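Each chain is listed here by its residues.
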Amino acid sequence: MKVWEGNKKRALRDLFEIDGEPNDSPRAITLRISGDLRKVRMIGANMTDGKIIVKGNVGMRIGEKMSGGEILVEGNVDSWAGCMMTGGRLEVKGSAGDYLGASYRGSRKGMSGGEIVVHGNVGNEAGCFMRGGVIKIFGNSGGFLGVHMSGGEIVVKGNCNEYPGAGMLDGKIVICGLVSSIVPTFTIEDIKETVKVNGEKIMGPFYRFIGDIADHGHGRLYISKNRNLHLKSYERYL
Amino acid sequence: MNLLIKNGLVYDPINGVEGEEMDIAVKNGKIVEKVNERRAKVIDASGMIVMPGGIDIHTHIAGSEVNAGRLLRPEDHFIDFEAKTEVTRSGVGRSVPSTFITGYRYARMGYTMICNPSMPPLEARHTHEELDDTPIVDKATYPLLGDWWFVLEYLEKGLIRECAAHVAWMISATKGYAIKLVNPGGVEAWGFGRNVEDLDDPVPNFGVTPREIIRGLCKVNKMLNMPHTIHVHTNRLGQPGNFTTTLETMETVSDMADERPVIHITHCQFSAFKGDDWSTLRSGAEEISKYVNSHSHVTLDMGQVVFTDTTTMTADGPWQYTLYEISGNKWINHDVETETGSGILPFRYRRKSYVHAVMWSIALELALLIKDPWRIYLTTDHPNGAPFTTYPRIISWLMSQKARERMLEKINRKARKRSLLQDIDREYTFDEIAIITRAGQAKALGLRSKGHLGIGADADIAIYNIDSRTVDPSRDYRKVRRAFKNAAYTIKSGRIVARNGVIVESIFGRTLWVDAVSSLDDETATKVSKDIEKRFREYWTIELENYIIPERYLRFPICIQPRRRSEK
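The structure reproduced in this document is the subject of the present report. Because the structure is predicted, anything quoted here is derived from the model rather than measured.

1. A closer look at unusual backbone geometry
Next up, step 1: Put simply, Gly211 of chain A and Asp212 of chain A share a cis peptide bond, and its omega is 5°.
Next up, step 2: Note on placement: Asp212 of chain A falls in the loop between β12 (200-211) and β13 (219-224).
Next up, step 3: With omega at 0°, the peptide bond leading from His382 of chain B into Pro383 of chain B counts as cis.
Next up, step 4: Here Pro383 of chain B shows up in the loop between β20 (376-377) and α13 (391-399).
Next up, step 5: Although it is not a glycine, Asn183 of chain B sits at a positive phi angle of roughly 40°.
Next up, step 6: With relative accessibility at 1%, the residue Asn183 of chain B sits in the buried group.
Next up, step 7: You will see that Glu337 of chain B, though not glycine, has its phi angle at about 40°, which is positive.
Next up, step 8: Residue placement: Glu337 of chain B occurs in the loop between β18 (332-336) and β19 (340-348).
Next up, step 9: Of the residues examined, Glu337 of chain B reaches a relative accessible area of 25% and is grouped as partly exposed.

2. Brief notes about the layout of surface pockets
Next up, step 1: Considering only enclosed or pocket space, the second largest pocket measures out at about 940 Å³ in volume.
Next up, step 2: Lining the second largest pocket are 31 residues; nearest its centre among them are Ser107, Arg108, Lys109 and Arg131 of chain A together with Asn329 of chain B.
Next up, step 3: Residues that form the lining of the second largest pocket fall into these classes: 8 nonpolar, 11 polar and 12 charged.

3. Quick look at the pairing of strand β2 (residues 8-11) of chain A
Next up, step 1: Relative to β2 of chain A, strand β1 (residues 2-5) of chain A runs antiparallel, the two sharing 4 bridges. In the sheet register, Val3 of chain A faces β2 of chain A, and the bridge partner there is Arg10 of chain A.

4. Some details on the sheet that holds strand β9 (residues 153-156) of chain A
All names here are of chain A.
Next up, step 1: Judged by pairing direction, the sheet is mixed, and its 11 strands sit side by side in the order β3-β4-β5-β6-β7-β8-β9-β10-β13-β12-β11 without closing on themselves. Single-partner strands in this sheet number two, and they are β3 (30-34) and β11 (187-197). Geometrically, the sheet is characterised by an average inter-axis angle of 15° between neighbouring strands, direction not taken into account.
Next up, step 2: Strand direction decides the pairing type here: β11 and β12, joined by 9 bridges, are antiparallel. Looking at β12, one finds that Ile188 is bridged to Phe209.

About the thresholds
- Residues numbered from 1 in each chain as written.
- Chains lettered and ligands numbered in written order.
- Predicted model: local features only at pLDDT ≥ 70, side-chain atom pairs only at ≥ 80, totals over all residues.
- Heavy atoms only, no water.
- Helix = DSSP H or I, 4+ residues; strand = E, 2+ residues; numbered from the N terminus.
- Buried < 20%, exposed > 50% of the residue type's maximum accessible area, 1.4 Å probe, protein only.
- 1 Å grid on protein atoms, 1.4 Å probe; cavity = no way out; pocket = protein on both sides within 12 Å on 5 of 7 lines; lining within 4 Å.
- Points joined across faces, edges and corners; volume = space filled by probe spheres on them.
- Nonpolar A, V, L, I, M, F, W, Y, C, P; charged D, E, K, R; others polar.
- Pairing = 2+ DSSP bridges.
- Axes fitted to C-alpha atoms, helices over the stretch in contact; angles between N-to-C directions.

This is the structure:
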């Protein structure tokens, strides 16, 4: 099997020690990759089935365009993890860089299916142009979470930096922690005691905002009421 | 290097050679009568067809709008990239490829000359820098002059000689090749949020009409004895019902006709729409082709649409705004001082879209209904209708009714029902393909040493691995497509540059430009020079000294003096 190293094609066995037997059924295959993978890109890109377990930190674009199977990373991942994925599951035990589940630069086709779970923090613009699927973030999120999203669900258990859902057309964003600020082109609709994400009930109460009206969007932005006292002034519009 | 191409089936329409088995000899980059076989590299072209190198009369491959398109579309780079090899450099981009791979991709298809059709004069330096970076092929570029304030001013006052002098200065200063008009008057009106509605709608702030601009510049073109005609992107391009404007545009210069065509309507498909709105859109190809078949003063190129993702770019700002409104895509709009404007927007043509399917059909209808292949040329208006790499598919559609029918089955049902293609059984021959892809274009561009394989011609040659004696293109259209996709050999200036789709040598081609000022007498030339100097201080944001492109700035310039030009 050939892989690119810089601008040259190299045999995979020149770069990795490889053990194990090939199997005709992708579903039965589990790849275990370990080592210093910080500069290794596109692990599991276009994956359709099977399982990959990575030990250590990995580089950009892990799980790019994956449509099935499962990737488990016992470490951190760099930017564009799960970008443009259409199915399957990507779980990161550590943190993720920017553009988690996003579209590639310039494209409007973000993640459209599958599930991404990040146990740590994520960078900016997670779920950018997301169309479907679920992203669960147990840590904190950077700015512009779900920017331009038109479908799917994102839940952040921790805090979130500025402007979640900016330019969103549809879909659902739930933030359980503190949000530094939201764009003014969201309107408050009501206060919900609970919200469901991918079948899981999350306890609130949550402010429910609709927007981004600047883009004629009707996305739903749920923000924890108890953790965001600075948003209390919105209640007068209810 | 001397070359001897042996036993090829030669298609050289300019010299009346149609599929004859013969040898072609090459010496010092030119075609010669014979070479010493023992001292020449011999190419066995048995069972292959040999044509002059391909020429593209209209392809957006360099300059500010192309580069802005590249910046706008990183996702286009992401899906298509080429690694460097021992002889080639790397590059990216499918619909707006970077300069190096643009040259390589054309060379792989057997093309050896390409013309960049819309250069804002202010951006000429940038355009030439990119053209210089585009390897292998020869190049030419057309400055946009149909909305230049000075042209509008002079034509409004009826000062045709002064207008000609300024146009000549501009073509020489920017190292241009032909006069390009884009939505004449409409681009200027767009600067004020308007467009022109028809040929007699006056341009705001100037009073001159599109008709006067077209007629005026056609006259100027003749006065300067330019090698190419005026190259016109019509008013109301892309609007339903615009075929009447196109017919009027052609007719408005019919009285200036002589033995040569006087106007080239570019990417005519976009200007051949019937109907009142998008839902009633119909093909106007029948009316356009009827006119062209009965008048000899017009040439056209197709502007074929192929169902794919691409990037649209044109100086026609209002049209790009319409596309933005239709698609909602990201877009760029740009105004170029006193000269012109532009717009760029990604676009996907879909088979199941009624409008897109009608557009696909119109271009083929035009090519098939216009009887004289010398007056219609194969283009996609790259990248507006599709990337130029789709040419082999278009060739197969032109050569095979079966190939067209297969695509017709896949398109929007309403569009299929209304398509004229169902009643057209014409199929292009290899000779006609040679005309619409090289010989006709060379003739339209006034290129004496290109587009043919006669003695003294440039040794720009394409050899395709298909035997025209045994292959029936009507049935085996896939073989045709494969053959034209990767030329068996592409020879540029007598050197083998590509073999079976692999670039084996990368050289740099030449840039052809017209020294139109040489058409003027010394007194007029000096007067214009002084006038321009004064106006530059008043109107432009850059200094005159930085505006003029000196010939030494180009890598390999070839200057064409209109007065000394003689027709083949």
